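# Coordinate analysis (summary)
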Amino acid sequence: MAVPQAPPPGYNAVRSWLAVTGASFALFCTVGLLNAFGVYQEYYATGLLKQYNDSDISWIGSVAIFLLYIGSPICGILVDKFGPTKLLVVGSLGVLIAMFLSSLASQYYQLFLSQSVLLGASMSLLFTPSVAVVLRRMPHRRGLALGIAIGGSSIGGIIWPIFLQELLYTDGVSFGWTQRAVGFFMIPLLAIACLTVLEVQKTPPKPVVADSEKVSDVDTAAPDNNTNSDSTPLPSEEPAPRHPAILLFKNFTFVLLCLGLALTYLGLFTPFFYISSYAVDKGVPSSTAFYLISAINAASFFGRVGPGHLADAYGHFNICTVAVLISGVIGFTWTAAYNLTGMIIWSIAYGFTSGAVISLQSACAGKIAKREHQGTAAGLVTGSVAITALVGTPISGQILLRGGYLGLGIWTGVTLLAGGVVLAAARLRIDRRIIAAH
């Protein structure tokens with residue numbers, strides 16, 4: 001087990017846990033909504049965008065995820081420099097505007113611009129500052145705090161599908177008013193996030209007596225006439241500090257962490273997007289199939305909190321690597337679940353293990369970076385998966401067209417196992433002892 005870490009200087013438990021709560025609300029409204037894209041996928045494919053295939057429709061969700069992730073390195077640097085509040089306010093306004101604009105959309109390009117481009121970019125301004133503040137405030141309980149904060153996205157993945165299903169299908173509310181209802185529901189949650197996710201108060205430095213105020217015998221002695229000004233040594237100049245992003249990418253362990261997560265994200269979200277359509281393909285009514293998205297997200301919540309707590313004791317890299325490898329094995333068994341009971345069990349198992357991956361990736365980055373660079377580290381790790389998160393789901397759509405759901409399960413398993421092997425290499429670079437807590 002790892003040695004318990006002491007709280008940081010100036011630690012305030014109430015403010016820190018309030019920040020964790022606010023961060024969970026922010027992620028509920030961002031990643032949580034993206035986790036429910038499977039409902040949009042099914043609704044667009046059978047109604048609003050039925051002239052487009054699954055791969056085309058999935059680009060709406062994939063580009064939103066891509067922009068959330070690709071903007072994270074910039075947002076991480078900005079939050080380290082300027083703090084989280086301004087970014088959170090701008091991001092909240094952007095998310096709300098995107099939801100209200102999408103309510104007016106009726107064409108593919110209109111949905112793409114509002115629900116994909118504007119929404120994804122705005123979500124990045126909410127996601128990264130929230131994670132960075134939690135990392136800085138709770139380094140002694142990093143896994144648990146991040147698990148609870150990112151668990152907000154899992155709760156969103158439970159509630160949003162039910163919310164959308166009830167409005168769109170049960171109550172017959174129009175798409176436009178459904179999107180407006182989502183926006184109105186978000187307003188108080190985002191306001192709480194902006195008010196509670198606050199930067200850590202920096203402890204004032206100890207006063208240091210300036211050299212000019214120090215008096216010594218040398219200062220009062222008579223000057224040496226034999227010494228001229230040319231021979232006086234100049235004070236040595238400190239080398240300009242390198243940017244934290246450069247320092248992090250010079251750390252090969254950090255590079256392996258980013259590469260392993262990038263490979264993982266090629267297939268990680270595939271079940272979130274296609275489990276509902278798989279159930280419909282097997283004869284499950286669409287009104288029931290969407291509950292599988294809620295099931296996978298419900299299990300994901302427990303997967304983010306429970307393993308996060310264990311990781312504080314047994315090592316963040318250890319638990320994250322094991323979670324990725326187990327998720328890969330479960331991915332290979334996707335098509336073995338051919339009835340509703342099997343699909344529910346499979347969704348719960350995959351949701352639990354994949355949830356640990358999403359919550360622990362930033363915790364692993366936080367172990368490598370300094371406290372003042374937590375935002376940059378979290379942003380770079382998130383940004384490193386942007387490309388693979390963008391192309392992963394559309395690739396899955398093409399695999400579905402050519403190889404069916406069996407090919408989809410194989411794709412999910414192979415990408416996760418490959419990512420797990422690279423993460424294991426990163427863990428062994430820290431300490432070659434297998435049972436060490438890292």
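Residues numbered from 1 in each chain as written. Predicted model: local features only at pLDDT ≥ 70, side-chain atom pairs only at ≥ 80, totals over all residues. Heavy atoms only, no water.

### With respect to the overall build of the protein chain
Just so we agree on the cut-off: Comment: elements are numbered from the N terminus, with helices defined as DSSP H or I runs of at least four residues and strands as E runs of at least two. Each residue's exposure class comes from its accessible area (1.4 Å probe, protein chains only) as a fraction of the maximum for that residue type: buried when under 20%, exposed when over 50%, partly exposed otherwise. We call two residues contacting when some pair of their heavy atoms lies within 4.5 Å. Shrake-Rupley sampling with a 1.4 Å probe provides the accessible areas, and residues are treated as covered by the protein chains on show and by no other component.
Along its length, the protein chain carries 19 helices and 0 strands. Counting over 438 residues, the protein chain shows a buried share of 54%. Partitioning the intrachain contacts of the protein chain with sequence separation of at least 6 by distance along the chain shows that 85% fall at a separation of at least 24. Accessible area of the protein chain: about 19200 Å², with a carbon and sulfur share of 67%.

### Topic: the packing of aromatic side chains
We apply this condition: When two rings of Phe, Tyr or Trp (its six-membered ring) have centres within 6.5 Å they constitute a pair, described as stacked for plane angles under 30 degrees, edge-to-face for angles over 60, and tilted for the intermediate range. Only Lys NZ and Arg CZ are tested; either one counts as a charge over a ring when it is within 6 Å of the ring centre and within 35 degrees of the ring normal.
Applying the stated criterion to the full structure yields 25 aromatic pairs. Ring plane angle 35 degrees and centroid distance 6.1 Å describe the contact between F37 and Y40, whose orientation is recorded as tilted. On the criterion of helical spacing, the pair formed by F37 and Y40 is a turn pair, its members being 3 residues apart in helix 3 (residues 37-48). Y40 sits in the buried class, given a relative accessible area of 1%. For the pair Y43 and Y169, a centre-to-centre distance of 6.2 Å together with 80 degrees between the ring planes defines the contact as edge-to-face. Pair noted here: Y43 is in helix 3 and Y169 is in helix 8 (residues 142-170), with a separation of 126 residues, a long-range link. On the accessibility criterion, Y43 (18% relative accessible area) is buried. The exposure class assigned to Y169 is partly exposed, which follows from its relative accessible area of 36%. Here a set of aromatic residues connected by ring pairs shows up, and it is made of Y69, Y265, F269, F272, Y278, W334, W346, Y350 and Y405. Against the face of W177 rests R180, its NZ or CZ located 4.5 Å from the ring centre.

### Here's the deal with the packing of helix 13 (residues 270-281) against helix 19 (residues 386-430)
The cut-off we apply is this: Here, axes are lines fitted to C-alpha atoms. For helices the fit covers the stretch in contact, and angles between N-to-C directions go from 0 to 180 degrees. Each angle receives one of four descriptions, namely roughly parallel if under 35 degrees, roughly antiparallel if over 145, roughly perpendicular if within 65 to 115, and oblique otherwise. Side-chain classes are defined by residue name, with Ala, Val, Leu, Ile, Met, Phe, Trp, Tyr, Cys and Pro counting as nonpolar, Asp, Glu, Lys and Arg as charged, and the others, Gly among them, as polar.
The geometry of helix 13 relative to helix 19 is characterised by a closest axis approach of 11 Å and an angle of 70 degrees between their N-to-C directions. Relative to helix 19, helix 13 is oriented roughly perpendicular. Across the interface between the two elements, T270, P271, F273, Y274, S277, Y278 and D281 from helix 13 touch T393, S396, G397, L400, Y405, L408, W411 and T412 from helix 19. A per-class count over the contact of helix 13 with helix 19 returns 8 nonpolar, 6 polar and 1 charged.

### Notes on the side chain of S92
Along the chain, S92 falls in helix 6 (residues 85-102). Looking at S92, the relative accessible area reads 6%, which means it is buried. Those residues in contact with S92 that sit more than four places away from it in its chain are L126, L190 and C194.

### Observations regarding the pattern of salt bridges
Oppositely charged side chains can form a pair if their charged atoms are brought close together. Keep this limit in mind: Salt bridge, as used here: a side-chain nitrogen of Lys or Arg that lies within 4 Å of a carboxyl oxygen of Asp or Glu.
Going through the model one piece at a time under the given rule, you end up with 1 salt bridge. For R136, the salt bridge is made with D80, and the minimal N-O distance between the two is 2.7 Å. Of the two residues, R136 sits in helix 7 (residues 108-137) while D80 sits in helix 5 (residues 72-82), which places them 56 residues apart along the sequence.

### Thoughts on the packing of helix 16 (residues 316-332) against helix 17 (residues 340-368)
The following threshold applies: Handedness of a crossing is defined here by the sense of rotation of the near helix relative to the far one, left-handed for an anticlockwise turn of less than a right angle and right-handed for a clockwise turn.
Packing of helix 16 against helix 17 brings their axes to within 8 Å, and their N-to-C directions diverge by 150 degrees. As the angle between them shows, helix 16 and helix 17 are arranged roughly antiparallel. For the pair helix 16 and helix 17, the crossing hand works out as left-handed. Across the interface between the two elements, H316, F317, I319, C320, A323, V324, I326, S327, I330 and G331 of helix 16 pack against W346, A349, Y350, T353, S354, A356, V357, L360, A363, C364, K367 and I368 of helix 17. Split into classes, the residues belonging to the contact of helix 16 with helix 17 amount to 16 nonpolar, 5 polar and 1 charged.

### Quick word on helix 6
We count it as follows: Under the convention used throughout, the expected extent of a helix is 1.5 Å for every residue step, that is, one less than its residue count.
The terminal C-alpha atoms of helix 6 lie 26 Å apart, and with 18 residues this matches the ideal 26 Å at 1.5 Å per residue to within 8%. Within helix 6, burial applies to L87, L88, G91, S92, G94, V95, L96, A98, M99 and S102. Its buried side turned inward, helix 6 meets helix 2 (31-35), helix 3, helix 5, helix 7 and helix 9 (175-196).

### A closer look at a nonpolar patch on the surface
The condition that has to hold: The patch calculation keeps residues exceeding 30% relative accessible area without a salt bridge and links them within 9 Å when they carry like charges or within 5 Å when they are nonpolar (Val, Leu, Ile, Met, Phe, Trp, Tyr).
Where nonpolar side chains cluster on the molecular surface, the patch consists of V89, L93, I97, L101 and L104 and spans about 470 Å² of accessible area. Accessibility expressed as a relative area gives 37% for V89, which makes it partly exposed.

### Describing the confidence of the model for the protein chain
What counts here: Each residue carries a pLDDT score, the predictor's confidence in it, ranging from 0 to 100.
Of the residues in the protein chain, 86% have a pLDDT of 70 or more, and the chain-wide mean is 82. Low pLDDT, under 50, characterises residues 205-238; the predicted model gives this stretch 3 contacts beyond four residues in sequence or across chains.

### Remarks on the nonpolar core
Keep this limit in mind: Residue types Ala, Val, Leu, Ile, Met, Phe, Trp, Tyr and Cys, when buried and joined through side-chain atoms within 4.5 Å, form a set referred to as a nonpolar core.
Membership of the largest hydrophobic core comes to 114 residues, with the highest contact counts inside it found for L33, Y40, Y44, Y69 and M186. Beyond its immediate sequence surroundings of up to four residues, Y69 is in contact with Y265, F269, T382, G383, V385, A386 and A389. Formed by 5 residues, the second largest nonpolar core is a distinct cluster that contains C75, L87, L125 and A132.

### Considerations on the side chain of T321
Assignment of secondary structure puts T321 in helix 16. Since its relative accessible area comes to 8%, T321 is described here as buried. For T321, the residues in contact, after removing those within four places along its chain, are G420, L423 and A424.

### Structural notes on the environment of A377
With respect to the helices, strands and loops of the structure, A377 is situated in helix 18 (residues 374-384). A377 sits in the buried class, given a relative accessible area of 0%. Between the alpha carbons of A377 and K367 there is a distance of 9.5 Å; along the sequence they are 10 residues apart. Sequence-distant contacts of A377, defined by excluding residues within four places in its chain, comprise L248, F254, A365 and A369.

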